[in-house]
Amino acid sequence: MTESSNGNGLGGRVRRASTSLMNANPQLGMWQATGTAIAQAPNLTELRVPELSGGIEFNAQGHSARTALREPDGDLVPVRTTTAPENRPAPDSTPVSEAQEQAVPHLKRGRTLREKYSDEPKEGWGPTIVNGLRAFWKFFCTLSGFCIIIYFLNIVAWGAMLFFLLLDAAPAMDYPNADDNNSPRKKWLEIDSQILNALFCVTGFGLAPWRFRDLYFLLRAVLIRDKIAMQRLAAQNRGWFRPPLWARDDLNGSNPEQEERPQSIDSMEKSATTFTGNAAPPTALWKLGFNICMMVLNTLFQVVLSYFMWAYNRLDRPTWATGTFIGLGCGVSAFAGVMSWWEGRKVKKIEGPELKIIDKV
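About the criteria used
Residues numbered from 1 in each chain as written. Predicted model: local features only at pLDDT ≥ 70, side-chain atom pairs only at ≥ 80, totals over all residues. Heavy atoms only, no water. Helix = DSSP H or I, 4+ residues; strand = E, 2+ residues; numbered from the N terminus. Contact = heavy atoms within 4.5 Å. Axes fitted to C-alpha atoms, helices over the stretch in contact; angles between N-to-C directions. Left-handed = near helix turned anticlockwise from the far one by under 90°. Nonpolar A, V, L, I, M, F, W, Y, C, P; charged D, E, K, R; others polar. Buried < 20%, exposed > 50% of the residue type's maximum accessible area, 1.4 Å probe, protein only. Patch = residues over 30% accessible without salt bridge, like charges linked within 9 Å, V, L, I, M, F, W, Y side chains within 5 Å. Areas by Shrake-Rupley, 256 points an atom, 1.4 Å probe, with all protein chains shown as cover. Salt bridge = Lys/Arg side-chain N within 4 Å of Asp/Glu carboxyl O. Core = buried A, V, L, I, M, F, W, Y, C linked by side-chain atoms within 4.5 Å. Pairing = 2+ DSSP bridges. pLDDT = per-residue confidence, 0-100. Parallel < 35°, antiparallel > 145°, perpendicular 65-115°, else oblique. Phe/Tyr/Trp six-rings, centres within 6.5 Å; stacked < 30°, edge-to-face > 60°.

Caption draft 1: Main features of the overall build of the protein chain. Assigned secondary structure in the protein chain consists of 17 helices and four strands. For the protein chain, restricting intrachain contacts to residue pairs at least 6 apart in sequence, the fraction spanning at least 24 positions comes to 68%.

Caption draft 2: Region of the structure containing unusual backbone geometry. Geometrically, the link from Y175 to P176 is a cis peptide bond, its omega value of 0° lying close to zero. As for its placement among the helices and strands, P176 is situated in the loop between α9 (143-166) and α10 (184-204). Phi at D168 is positive, roughly 55°, even though this residue is not glycine. Residue placement: D168 occurs in the loop between α9 and α10. We note that R225 has phi near 50°; this positive angle belongs to a residue other than glycine. Secondary-structure assignment places R225 in the loop between α11 (208-224) and α12 (227-236).

Caption draft 3: Main features of the packing of α11 against helix α16 (residues 285-311). Relative to each other, α11 and α16 sit at 145°, their axes nearing to 9 Å. Note that α11 runs across α16; the crossing there is left-handed. Within the contact between the two elements, α11 uses A208, R211, F212, D214, L215 and L218 and α16 uses L288, G289, I292, M295, V296, N298, T299 and L300. In terms of residue class, the contact of α11 with α16 is built from nine nonpolar, three polar and two charged.

Caption draft 4: Spotlight on the environment of S183. Here S183 lies in the loop between α9 and α10. A relative accessible area of 0% means that S183 is categorised as buried. Along the chain, S183 and M173 lie ten residues apart, while their C-alpha atoms are 6.7 Å from each other. Apart from the residues lying within four places of it in its own chain, the contact partners of S183 are M173, Y175, N177 and A178.

Caption draft 5: View of a nonpolar patch on the surface. A grouping of W31, F146, I150, F152, L153 and V156 is seen on the molecular surface, where their side chains present a nonpolar patch of about 500 Å² in accessible area. When residues in the nonpolar patch are grouped by element, the largest group, five residues, is from α9. Turning to its location among the elements, V156 is positioned in helix α9.

Caption draft 6: Examining the nonpolar core more closely. Ranked by internal contacts, the top residues of the largest apolar core, which has 24 residues, are Y151, I155, L196, L199, F200, L305 and F325. Sorting elements by how many residues they give to this core places α16 first, with six residues. Ranked by size, the runner-up nonpolar core spans 13 residues in total, among them F217, W240, I292 and V296.

Caption draft 7: How the structure looks around the pairing of strand β2 (residues 64-70). Across the seven residues of β2, six count as buried, placing the element largely inside the fold. Both strand β1 (residues 57-58) and β2 contribute to a ladder of two bridges, which runs antiparallel. By the bridge assignment, F58 is partnered in β2 with S64. Hairpin connection between β1 and β2: a loop of five residues separates the two successive antiparallel strands, and G62 in this loop has a positive phi of roughly 80°. As defined by bridge partners, β2 adjoins strand β4 (residues 354-359) across six bridges and the pair is classed as parallel. Across the sheet, the residue bridging to R66 is L355, located in β4.

Caption draft 8: Main features of the confidence of the model for the protein chain. For the protein chain, per-residue confidence averages 80 on the pLDDT scale, and 77% of positions sit at 70 or higher. Contacts from residues 81-108, a stretch scored under 50 in pLDDT, to residues over four places away or in other chains number 15 contacts. Here residues 253-271 is modelled with pLDDT under 50, and outside its nearest four sequence neighbours on either side it reaches 27 contacts, counting other chains as well.

Caption draft 9: Broad picture of the packing of helix α3 (residues 30-39) against α9. Where α3 contacts α9, the axes come no closer than 10 Å and their chain directions differ by 120°. With respect to α9, the element α3 is oriented oblique. Crossing hand, α3 versus α9: left-handed. Across from M30, W31, A33 and T34 in α3, the residues of α9 making contact are I148, Y151 and F152. Residues that form the contact of α3 with α9 fall into these classes: six nonpolar, one polar and no charged.

Caption draft 10: Summary view of the packing of aromatic side chains. All told, the structure shown has 15 aromatic pairs when counted by the stated rule. Here the aromatic rings of W31 and F152 are separated by 6.2 Å at their centres, their planes lie at 90°, and the arrangement is edge-to-face. Taken as a pair, W31 in helix α3 and F152 in helix α9 lie far apart in primary sequence, 121 residues in all. Residue classification places W31 among the partly exposed residues on the basis of a relative accessible area of 34%. Taken together, a centroid distance of 5.9 Å and an interplanar angle of 20° make the contact between F308 and F325 stacked.

In structure tokens form, the structure reads like this:
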């Protein structure tokens, strides 16, 4: 009884496990994950610069990132070249008087990582292709990258087989004829359809708790401007979405009067530390709502598709049901993927790849 009352029993462990599981931020769909990963992938310019291509990393969601060391003077140095700063002269720590501060109204800001590498020599096509293959291997070795690629290959392989079966591309399977219910072609059409339905169930049902969780957060953020809910959504979709200014802690601070005043995009840009030194403006909320609704619709369409696939056998199932709901489920998921890709590429164009900052002690 004491163990259970302290939360160390089976019930307490189950609650802690369920809470940590719901607080996780998995990708909410294959097409959305693919679109965001493509938008955040290293571009040709990054692959042609040796210092940039050598420091390519990928975070837990499969998005490209860089790690930089922040010097005491505020200068950012890529981790790959952190041996050089040891020989640099220490920054001048002499106190600055008020007269000197007035004479020099502002200090010269440090160069951003993009500015440092803008004049670097570019490699040829051969090394660039090698750098791209290395980056792809790093992406494949991440959990998100591995799942995206394996899932995508399965969808393409079984979908192509279904397509060719519908086209009757294998006449040897038409025995005794192509329309006979006991022909190998008809049997493989059913097997192929059930495998594709099972693959769609992995994302449609497996990710449903997080999809409806995000729908709940969206309603709270839109209806009552719940700051915590909006921050949770921003963390979930950080690869392509930027939250409104009222949901940012680094701008609002802890002063209630300051939170009431509208913040400008200029102040947001000054507070951001990115690869380019610029911050992307807030993303329109309807785009976030569109993505979340598409993911919820994908789950609902998968429920209907599974009903027809599991409640009917291949002889009694309506001929229109399978194609209709496979098309609807894939369509809404693809719309979310296109939106994530389109907004993600705009965010990366402004901010550059994700930057992980390590403060030098």
